[in-house]
Amino acid sequence: MGPATSISDPCADQAGRHEIAAWLRGEYPGGDDALFAAARRALERTVGPEVWMRGLLEYSNYCRCDCHYCGIRRSAEVSRFDLTDEEIVAAARECADAGFGSMTLQAGERRDRRSIVRIERLIRKIKTVTYREGLPEGLGLTLSLGEQREETYRRWYDAGAHRYLLRIETSNPSLFAQLHPTRQTFSDRVTALRTLKRVGYQLGTGVMIGIPGQTIDDLAADVRFFRDIDADMIGMGPYIPSVAAARTFRRAADRSVAERLQLSLRMIAVTRLTIPDLNIAATTALQALAPTGREAGLAAGANVMMPIVTPMSRRQSYQLYDGKPCLDEDSVACRACTPARAARLGRPVVPDAWGDAPHAHRRKGAEYE
Ligand code: 5AD
């Protein structure tokens, strides 16, 4: 048995700090290809070879936050938009019709009462209009709407959303502090993640990889953070500078494009080997650095793709980082292109499935034991 097999038992608390860091430096026995192959084996054994699709609707770029790296930060000069309710519901129908069993609603963070009530109403509406023969409970709904009060998380959960994505961005509190204004704190972010779990969501988190000043040990700690917070889903990708964001954060990436890409793939593989039964996304940011970056993510152990269903006319205004791909494509193109990428790797794409991570059900099951 190779080293990968010995650490991929979900019950064993195995890969130590030094092992994770060594693999992230490219020191896995046999090299990166062996690392990725081990991650794929762990995936097939625990979750299966399927790739799950979640239509990603970026419905608004209004944001109260001012994360230094982000192209839609509050102080960025971009034209702001907010899709209408009708547009949002139409996109949901499109996802259901395309056979994507799940949809992610993402937008800048807002906490005003009107927005909160609006989302609650939209969740209920989407759940009712996306019933299909193959989707007896409607689309699986994931939210990615930032830090909210517990009461808000509960409202949205009770309305029918069952997954939530909120990245920790980095598990190093001092690096987090460098990346965010003082009023956005690391401890608030961690509290929000714990609240989401308590409310009952399947929890997604993740980090940016190759942030200026971020070390390999930081990334190794990120993987342990994923395990300790008991995440069910991980979305992570390379840090990519944004001109629109750069007013106060003028530091260029201190690792090359190739390094950030490779490090991102190693993070996917190491996360898969450390916590095998998670869902891990092959994120769009991977494709910003290489035309087949998302395929490389799947080959390194990812099992989720998020085809963008945002209307083409709004995509320019939702550039979190520069060089975001698919800006000149519409949702029809992304709907066809994304599953085709998985299929070309020989990975099955299952229509009409929520595609929950076994990790989420393992936890639920354990609660009733
Ligand atoms: N580079 C890479 N990822 C970014 N995000 C925001 N800005 C950037 C950037 N410049 C990511 C953050 C956020 C997610 C929605 O987008 O990780 O959580």
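Up top you'll find the structure we're talking about.
Residues numbered from 1 in each chain as written. Predicted model: local features only at pLDDT ≥ 70, side-chain atom pairs only at ≥ 80, totals over all residues. Heavy atoms only, no water.

Caption draft 1: Structural detail: the pairing of strand β8 (residues 279-282). Here β8 shows a buried face lined by Asn279 and Ala281 and a second buried face lined by Ile280 and Ala282. Sheet topology note: the strand β7 (residues 233-238)/β8 ladder contains 4 bridges and is parallel. Directly across from methionine 236, in β8, lies its bridge partner alanine 282. (Buried < 20%, exposed > 50% of the residue type's maximum accessible area, 1.4 Å probe, protein only. Helix = DSSP H or I, 4+ residues; strand = E, 2+ residues; numbered from the N terminus. Pairing = 2+ DSSP bridges.)

Caption draft 2: Inspection of the site of the ligand at higher detail. Around the ligand, the neighbouring residues are Tyr69, Cys70, Gln106, Arg167, Glu169, Met208, Pro238, Tyr239, Ile240, Leu320 and Tyr321. At 2.8 Å, a side-chain N or O of arginine 167 approaches an oxygen atom of the ligand. Contact distances for the ligand include 3.4 Å between a nitrogen atom and a backbone N or O atom of leucine 320. The fraction of the free accessible surface of the ligand (400 Å²) that becomes covered by protein chains is 86%. Residues belonging to the shell around the ligand are distributed by class as follows: 8 nonpolar, 1 polar and 2 charged. (Near = heavy atom within 4 Å. Polar contact = N/O pair within 3.5 Å; in protein donor to acceptor, adjacent residues only side chain to side chain. Areas by Shrake-Rupley, 256 points an atom, 1.4 Å probe, with all protein chains shown as cover. Nonpolar A, V, L, I, M, F, W, Y, C, P; charged D, E, K, R; others polar.)

Caption draft 3: Seen up close, the side chain of asparagine 279. When you line up the elements, asparagine 279 lands in strand β8. Its relative accessible area of 3% is what places asparagine 279 among the buried residues. At a separation of 2.9 Å, a polar atom in the side chain of asparagine 279 contacts the side chain of asparagine 303. Excluding its chain neighbours within four sequence positions, the residues that come into contact with asparagine 279 are Val47, Trp52, Arg54, Asp232, Met233, Ile234, Asn303, Val304, Gly355, Asp356 and Ala357. (Contact = heavy atoms within 4.5 Å.)

Caption draft 4: Molecular detail of the packing of aromatic side chains. Taken as a whole and assessed by the stated rule, the structure comprises 6 aromatic pairs. On the basis of an interplanar angle of 75° and a centroid distance of 6.3 Å, the ring pair of tyrosine 153 and tyrosine 201 is categorised as edge-to-face. On the criterion of sequence distance, the pair formed by tyrosine 153 in helix α6 (residues 150-159) and tyrosine 201 in the loop between α8 (186-199) and β5 (202-205) is long-range, its members being 48 residues apart. Under the relative-accessibility criterion, tyrosine 153 is labelled buried at 0%. On the basis of relative accessibility, which here comes to 0%, the residue tyrosine 201 falls in the buried class. Among the aromatic residues, ring-to-ring pairing joins Tyr153, Tyr157, Tyr164 and Tyr201 into one connected group. (Phe/Tyr/Trp six-rings, centres within 6.5 Å; stacked < 30°, edge-to-face > 60°.)

Caption draft 5: A look at α8. The terminal C-alpha atoms of α8, which comprises 14 residues, lie 20 Å apart, in line with the 20 Å expected from a rise of 1.5 Å per residue. Along α8, the positions that sit buried rather than exposed are Phe186, Arg189, Val190, Ala192, Leu193, Thr195, Leu196, Lys197 and Val199. Two residues or fewer past α8, glycine 200 is found with a positive phi of approximately 120°. (Expected span 1.5 Å × (residues − 1).)

Caption draft 6: A look at unusual backbone geometry. Despite not being glycine, glutamate 169 has its phi angle at roughly 70°, a positive value. By the secondary structure assignment, glutamate 169 is in the loop between β4 (163-165) and α7 (173-179). Taking relative accessible area as the criterion, glutamate 169 reaches 11% and is therefore assigned buried. A positive phi is found at aspartate 230, a non-glycine position, where the angle reads about 65°. In this structure, aspartate 230 sits in the loop between α9 (216-228) and β7. By relative accessible area, which is 26% here, aspartate 230 ends up partly exposed.

Purely geometric numbers; function is a separate question.
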